[in-house]
Each structure stands twice: as C-alpha cells, then as structure tokens.
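# A look at the structure
Read off the chains here:
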Amino acid sequence: MTSYHRFGTVPPKRHTQLWHEGRLLVEEVIGLEGFDGPSSTLYHLHQPMQLRQVGTFRPLARDEWQPDHHLHHHFDSRELAPGGDALTARRLLAFNDDLEVWLSRPDRAMVGWYRNGEADELVFVHEGAGTFETVLGDLPYRDGDYVVVPRGVTYRVVPSGPGPQRHLVLVSSGLVEVPARYRNGYGQLLEHAPYCQRDLHVPANLRTVDEEGDYTVTLRIRGGLQDYVVPFHPCDVVGWDGYLYPWTLNIHDLEPLAKQIHPPPPVHQTFEGRGFMVCSFVPRPVDWHPEAVPIPYSHANLNSEELIYYVAGSFGSRKGIDVASLTLHPSGLTHGPQPGVAEASLGSTHTDEVAVMIDAFRPLRLTALARELDRPDYAWSWTPTVHLDQAADPAVPTPGPLA
Ligand SMILES: [Fe+2]
C-alpha cells in the first residue's frame, strides 16, 4: 500500500506497553522482505501463535492441460456452476511461477479463516457484494471492486445476501502494487495516475472479539494448505498501524486516458506484479484523429500472454464473446480485429466496454478447467471463410479483442 494507516488503539511509541482491561496486549509485526519491506504492527488480546490442533498438510493439485495446438483461446465461464465458499469455490484456470488465475463462484460464507502465507491476492469482483472480515477490520466489497489482500492478512469472506457471486482471483508470488510510475517518492499518487488515494478504500470496522473456542485458520504455504485450530477468535486486534493492509479500488472509479490515435494497453495499467501487469478497460472516448482507426491494430505478443476477462459492454451484443468470457492470446501469435471489425469501427466516438486484462510475461500453463471452458472456434475467427472441423461456426465473426 502507498500510505500509512492507523486504526483503533496503539501506544504512542512502537514496541512499548499497551494495556487493555488489565492485561498487557501482545504486539505482532507482520512485514515483508525481512524488516525492510512494508509492515504493520498489531496489538492482540491473545498470543496469536497458540494452537489446539493441527491438520494434515494438503498439497494443491494442479490438473494441467497441454493443448494439442498452439492457438488463441476463448474460455466461456458463463455456465460455471456456483458452489463452496470464497476459498473452496476457487477453480484454477491458468498458472505459471509468478501468477495463478482462478475463477470462483462462492454461494456461502466462509466459516473458518484463511491466510495466504506465500502470495498476494487480487480479487476482481465481477458480481456480488459482501465483506472481507479481516483481522485488520472489515472491508466491504461490491460489483467492480478490485480487492487487494497482501500475504499475511487473515480473513474470511462473507457474501451479503443470496445474489450471485462471480470472482476472478489472481494469486501473485510477488507483491501486487500500484505501478511505480504513478507514485512520487513519498508514495503519493501523481496527477497523471488513473486513480488517486481517495479511490482507495481501507478496512472500515475493526472487530475486537474476545471469545474462546475452536477456530479454524487455513494457511496457504509451500504450494498447499495447512489447517490449524486455534483457541481464540482470530479477530482479537485492539489496534494496528502501518503500510500492510487490504484495500479496494472500484473499476468504475478509474479515470481512463484517451489519445488522438490508438494508445496501447499500458496506458490502462492498474496494478503491477512480478512477471505480470493488470490493465482495466473502462468506458472512454476513442481516438479522434480524422483518419483514426479507433480499435487496436494487429499485434504479436512476442514475450507475453494476454488474458482478458470480459465484464460488461458492447462486446456482449456480439456472438461468441460475452460477459464472463475470457480470451487468451498466447505469446508468439498475432491477434487483432477480425475481418470487417476495423471498417465497422470507423466514426465511432466512444466505447462502453469493461474488461480486465492480465499480461503475463512468462507462458501461462492451462488446466482441466480451461479445457472444459474452451471454445475452439475462436482461433478460427480471423479466417471466417475457411471451414475447418475445429470451427463450430466459422462464418460468424467474433469481436475484436480489446487490446
Ligand atoms: Fe492484444
């Protein structure tokens, strides 16, 4: 996070006594990169490392799918069935050593708590509302929110109401950060950034629960899950301060940049990670040069994998790509507008598309879920007059990609 935050009661000096109802509180520092990275200091009612039971370590299985051909992909997740809580509903779509991409459709609240001990998490909420109940306070979420949860933060997700939930979950082995070019040396967001500190929302309600019982905390570590049963409610923090905490940013609060002639995706960057970046496409004016072609030119991702998740907008009226679709344009191949799309775009003045793009700089490996959701006709949508067995309906052009 780019700014200091303090919540609840903390002593005037760090690493000094703080008393609450006659007991000395337990200070805990959670931080990164030894003591050189961002950190926060928490004050607990109880010693946080107490245990009642420990479960058996469960390695996470990755059911990899290696396609027979190197082609563009369209994954249609509209019919993905809901089931499970925000953790158990996750289904892995793609991964490499830097990044995991999960789809999740939770339909119930988490009972236990969860902490990722080895990766940052970035949850894009396509549909749904609720609360991330964290040890640092409650963080409400709603449609269009990016929820950034740094490693080390214990939380559970509680949806509000029975409405549908549809989440895109990125798990990043490096930090998920505000791009450095948006920040000055003080961490403040600069005037040219597409969002400012006022758009960032931090935990709003600090629960300090003093209850004894059996509480399950699941830790993601070493590529697996480890359950612990602890004797006190995990949300027993009286106060905390620092730079390491969860936060949200809504995609509809972004201030997109436009140019006279088509700008490439990095102008829409929202986050940076190690080995990937995340861009957001939101409604905006398109190129206004009199000779402009206001859609992307064909381009080859020579050393990146472009995965786009479609959220809302005009592509929904086109056959093939709809909301909750994903396209993957892998490295080494050219992609761009399908035949006729460039001509159709001439004279347009704006776009109402909403989408999230992940550019991964190392190859993404696919899973059995990707095979299940794959729509092979997409790879042939640039050659509509060629009829091949793989093309379900080659005469119908699918929409051009957003980037
Ligand atoms: Fe692209």
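If you're wondering where the values come from, they're calculated on a predicted model, not measured in any experiment.

### A short note on the overall build of the protein chain
From N to C terminus, the protein chain includes two helices and 32 strands. The C-alpha atoms of the protein chain give a radius of gyration of 23 Å, which matches the 22 Å a tight globule of 403 residues would have. Principal axes of the C-alpha set define a box for the protein chain whose edges measure 80 × 45 × 40 Å. A total of 403 residues make up the protein chain; the buried ones form 39% of that total.

### Details of the pairing of strand β24 (residues 276-281)
Counting buried positions along β24 gives five out of six residues, so the element sits mostly inside the fold. Pairing between strand β23 (residues 269-273) and β24: four bridges, direction antiparallel. Each bridged residue has a counterpart across the sheet, and for G273 the counterpart in β24 is F276. What sits between the antiparallel neighbours β23 and β24 is a turn of two residues, in which G275 has the positive phi angle 85°. Where β24 and strand β31 (residues 354-360) come together, six bridges link them in antiparallel fashion. Each residue of the ladder has a partner; that of V278, found in β31, is I358.

### As for the sheet that holds strand β8 (residues 64-65)
Sheet architecture is open: eight strands sit in the order β8-β32-β10-β11-β18-β13-β16-β22, paired in antiparallel fashion. Either end of the sheet is taken by a strand with one partner, and the two such strands are β8 and β22 (247-250). Where β8 lies against strand β32 (residues 365-367), two bridges are found, and the strand directions are antiparallel. If you follow W65 over to β32, its bridge partner there is L366.

### Things to note about the environment of G313
Its location among the elements puts G313 in the loop between β27 (305-312) and β28 (325-329). For G313, a count of 17 C-beta atoms within 10 Å translates into the label partly exposed. Separated by 117 residues in sequence, G313 and C196 have C-alpha atoms that sit 25 Å apart. Filtering out sequence-adjacent residues up to four positions away, G313 remains in contact with D352, E353 and V354.

### Some thoughts on the nonpolar core
Residues L93, L122, V147, L307 and A355 are the most contacted members of the largest nonpolar core, which totals 80 residues. Both domain 1 (5-52 + 79-250) and domain 2 (256-380) contribute no fewer than three residues apiece to this core. Once residues within four sequence positions are removed from consideration, V147 is found in contact with V123, V125, F132, L139, Y141, P246 and T248.

### Some remarks on the environment of G336
Relative to the assigned elements, G336 resides in the loop between β29 (334-335) and α1 (341-345). It is 8.8 Å that separates the C-alpha atoms of G336 and I295, two residues lying 41 residues apart in sequence.

### A look at the sheet that holds strand β1 (residues 5-8)
Pairing is antiparallel across the open sheet formed by four strands, whose spatial order is β1-β21-β5-β4. On the outer flanks of this sheet lie β1 and β4 (26-31), each paired with one strand and no other. Mean inter-strand twist for the sheet, computed between neighbouring axes without regard to direction, equals 15°. Pairing of β1 with strand β21 (residues 237-242), which is carried by four bridges, proceeds in the antiparallel orientation. Counted as the bridge partner of H5 is G242 from β21.

### With respect to the confidence of the model for the protein chain
For the protein chain, per-residue confidence averages 92 on the pLDDT scale, and residues scoring 70 or more make up 93% of the total. Low confidence marks residues 387-401, where pLDDT is under 50. Its contacts with residues over four positions away, or in another chain, come to 45 contacts.

### Points about unusual backbone geometry
Although it is not a glycine, E21 adopts a positive phi angle of roughly 50°. One can find E21 in the loop between β2 (19-20) and β3 (23-24). Residue classification places E21 among the exposed positions, given that 8 C-beta atoms sit within 10 Å. Even without a glycine there, the phi angle at A324 is positive, about 70°. When you line up the elements, A324 lands in the loop between β27 and β28. A324 gets classed as buried once you count the C-beta atoms within 10 Å, which come to 20.

### Digging into the domain arrangement of the protein chain
Looking at the assigned domains, one finds that the protein chain contains domain 1 (5-52 + 79-250) and domain 2 (256-380). The straight-line distance from the C-alpha centre of domain 1 to that of domain 2 is 30 Å. Among the elements of the structure, β10 (91-95), β11 (99-104), β13 (120-127) and β18 (166-172) are those that each provide at least two residues to the side of domain 1 that touches domain 2. It is β10 that contributes the most residues to the side of domain 1 that touches domain 2, five residues altogether. Its residues placed into classes, the side of domain 1 that touches domain 2 shows 13 nonpolar, five polar and five charged.

### What about the pairing of strand β20 (residues 224-232)?
Relative to β20, strand β6 (residues 53-54) runs antiparallel, the two sharing two bridges. Paired with V54 across the bridge in β20 is Y228. As defined by bridge partners, strand β7 (residues 58-59) adjoins β20 across two bridges and the pair is classed as antiparallel. In the sheet register, P59 faces β20, and the bridge partner there is G224.

Conventions adopted
- Residues numbered from 1 in each chain as written.
- Predicted model: local features only at pLDDT ≥ 70, side-chain atom pairs only at ≥ 80, totals over all residues.
- Helix = DSSP H or I, 4+ residues; strand = E, 2+ residues; numbered from the N terminus.
- Rg over C-alpha atoms; globule rule 2.2 N^0.38 Å.
- Buried ≥ 20, exposed ≤ 12 C-beta atoms within 10 Å, placed from the backbone.
- Pairing = 2+ DSSP bridges.
- Contact = placed C-beta atoms within 7 Å.
- Core = buried A, V, L, I, M, F, W, Y, C linked by C-beta atoms within 7 Å.
- Domains from an automatic or database assignment.
- Axes fitted to C-alpha atoms, helices over the stretch in contact; angles between N-to-C directions.
- pLDDT = per-residue confidence, 0-100.
- Nonpolar A, V, L, I, M, F, W, Y, C, P; charged D, E, K, R; others polar.

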